[in-house]
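These are the residues of each chain, in order.
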Amino acid sequence: MKYVRYTIKTLQGAEDIIAALLSDLNVEGVEIEDASLPEDIKKNGTFYDVLPENNIEGDDAFVSFYIEKDRDKDSILSDVGRILKELRETMDIGDGGISVSETEDKDWINNWKEFFKSFTIDFEDGKKAFFTPSWEKEEADGSCDYTINIDPGTAFGTGAHESTRLCIRALEKYVKKGIRFLDIGAGSGILSLLSFMFGAGSGMGVDIDEGSVSAVHDNFEKNGLSDAPYHLVIGNFLEDRNVRDHAGGMYDLIVANILPEVLIPLTGYIPEMLKDGGLYIVSGIIETKAESMRKCLEFNDFRILEENHDGEWVSFVTVFCADEPEALAAEGVREPGHQFFVDPSQIRGNDIIIEGADFNHIKNVLRMKPGECVNVSDGLSGKEMRCHIESFSGDRVNLKLDFIKEADVELPVHVTLFQGLPKAGKMDFIIEKCVELGVSEIVPVMTERSVVKIDAKKAEVRVSHWQGKAEAAAKQSKRARIPEVGKVVSFKEALRLCEDYDHKIIPYELSRGFGKTRDMLRSFEKGSRIAVFIGPEGGFSEEEIALAKEKGVFPLTLGKRILRTETAGMVVLSWLIYLYEEES
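Quick look at the structure, then.

About the criteria used
Residues numbered from 1 in each chain as written. Predicted model: local features only at pLDDT ≥ 70, side-chain atom pairs only at ≥ 80, totals over all residues. Heavy atoms only, no water. Pairing = 2+ DSSP bridges. Helix = DSSP H or I, 4+ residues; strand = E, 2+ residues; numbered from the N terminus. Axes fitted to C-alpha atoms, helices over the stretch in contact; angles between N-to-C directions. Contact = heavy atoms within 4.5 Å. Right-handed = clockwise from strand over helix to strand, strands pointing away. Phe/Tyr/Trp six-rings, centres within 6.5 Å; stacked < 30°, edge-to-face > 60°. Buried < 20%, exposed > 50% of the residue type's maximum accessible area, 1.4 Å probe, protein only. Lys NZ or Arg CZ within 6 Å of the ring centre and 35° of its normal.

**So, the sheet that holds strand S13 (residues 274-286)**
Item 1. Sheet architecture is open: seven strands sit in the order S11-S10-S9-S12-S13-S15-S14, paired in mixed fashion. Both edges of this open sheet fall to strand S11 (230-234) and strand S14 (302-310), since each of them pairs with a single strand only. The sheet shows a mean angle of 15° between the axes of neighbouring strands, taken without regard to direction.
Item 2. Summarising the sheet, S14 and strand S15 (residues 313-320) pair through eight bridges and their orientation is antiparallel. Bridging across to S15, Asp310 finds its partner in Trp313.
Item 3. In this fold helix H4 (residues 162-174) packs onto strand S12 (251-257), S13, S14 and S15, with an angle of close to 130° to the strand it touches most, S14.

**Some details on the sheet that holds strand S7 (residues 128-132)**
Item 1. Taking strand neighbours across the sheet as the criterion, the three strands line up as S6-S7-S8 in an open arrangement whose pairing is mixed. The sheet is open, and its two borders are formed by strand S6 (119-122) and strand S8 (146-149), each paired with just one other strand. Averaged over all pairs of adjacent strands, the angle between their axes in this sheet comes to 20°, without regard to strand direction.
Item 2. Where S6 lies against S7, four bridges are found, and the strand directions are antiparallel. Opposite Thr120, over in S7, you have Phe130 as the bridge partner.
Item 3. H4 rests against S6, S7 and S8 of the sheet, and its axis sits at about 50° to S6.

**Things to note about the pairing of S11**
Item 1. Relative to S11, strand S10 (residues 202-207) runs parallel, the two sharing five bridges. For Met204, the partnering residue across the bridge sits in S11 and is His231.
Item 2. Handedness of the crossover is the feature at issue here: the chain leaves S10, passes through helix H6 (residues 211-222), returns alongside S11, and the resulting connection is right-handed.

**Quick look at the packing of aromatic side chains**
Item 1. Scanning the model with the defined rule gives 17 aromatic pairs in all.
Item 2. When the ring of Phe196 is compared with that of Tyr230, the centres are 6.0 Å apart and the planes differ by 80°; the resulting orientation is edge-to-face. Of the two residues, Phe196 is situated in helix H5 (residues 190-197) and Tyr230 in strand S11; the sequence distance between them amounts to 34 residues.
Item 3. With relative accessibility at 10%, the residue Phe196 sits in the buried group.
Item 4. Linked through ring pairs, Phe418, Phe491, Tyr501, Phe533 and Phe540 together constitute an aromatic cluster.
Item 5. The ring of Tyr251 has Arg180 sitting right over it, with the charged end atom 4.0 Å from the ring centre.
Item 6. Residue placement shows Arg244 over the ring face of Tyr269; its charged tip is 4.0 Å from the ring centre.

The structure is reproduced here in structure tokens:
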């Protein structure tokens, strides 16, 4: 197959960011050439290995990317032009010109093999590992404790690159006999197979590149590990929840040798996959990105055990401290920040803008200054974005993203409150408090005994007002999602809306048997959808209760006392917090 090779002339200071951005454009491969790192192959945001010296001098650098010859190139080249234009506004990228040439598949997949020679890695405990490809004839001498036969193919990883060496040394030191590990960005399987050599009992790898499948299989076979209890998953760990679910949890050790642009958002998912006290080893961090990575790790409750350097590359060995977040906060690691919600359109890569009322609140009420931290969420994804204020311009605040974590503030069950319309301003109070307690959705319901009657025009205005209350309460309680307030519906419509819910309950003053209530609430599964019906001041009519039962809604008691309509929903949510949040 033939490819068109496009080469950007730039400077060493800009090569990494250009290569990382190009990797996001679905090109076939990315190369860097400069005077310090001869020719480095970047693929899918992972790393590469040392190749021979070239003749480039000074600060010049060349970043090349490949596109199949018959593929439509216009949209990719347009994106490349946009990237270079935006970068030129913020940094010196040098010439920025692009040259074009044509190449065969074998030119950039196979020819590099002549430069991959056998090498050794020395460990802190005096042991030594010998790495050799199949096309090399050199054999390890008697001083080597491990011999690794490695053919990466088109996948990443021979072990020669500094970032990979840092991981290997950390694994040799920290892998204990029988542990379970996860290798994110497995590539050729180099870190996975070494984990087994160092004593691991079982493991899993994740990689975005299909080329990893054959590479891992062949390398495990070459090293006598064909029967190792290991499974490789192909997919995007960050974007595909199914991949994360497949990977599972309760690992003793997780290792990731990936670009910081991927490591930082990735780290927010790691705590839920590690045992308390589990190890998280990260590498692939250029020195200029080390401080951002350090803050990200500490924010996510990782205590740094080691910071290691090899050339201009950095790795961290950390331990997950689930019981120590308060201690870390006391050390000044987790600045609380103010919470703001933005529309997804306001998030542009690592740049986020805040406008309107929130702009006024930040600048004129809170009187915040550039450099101060804020927490931002899009109200949908459940992710918490830690940012700092970069500048104020006109009527907007310009934020810069520091890192992302999966916010751990939502209830582990999805609760929709079907609230019978109460009198006067009680609905504002109900929405505010139920949002604070973790409700996922609120649907106002017109029941037989609702005193308040709202026509369609007024209902639209009221719902808009209530949605504002929900957003304000979500900000105050630092929720990652804004619960939606639905349109006003009839009782029959409400029953129809929850037909496919996992559980449906309706507190009713004539119900008996508090044990049944306890059993029902304890039977909910994590992640299930629960509909909770709360009546207005006068409660539900007998006809409504009969209809609810007919539709599979379970009547239960909330105790011996009669609760107000504004109290009942909060009681149910409080019980769910007690029963489920400790395990979330």
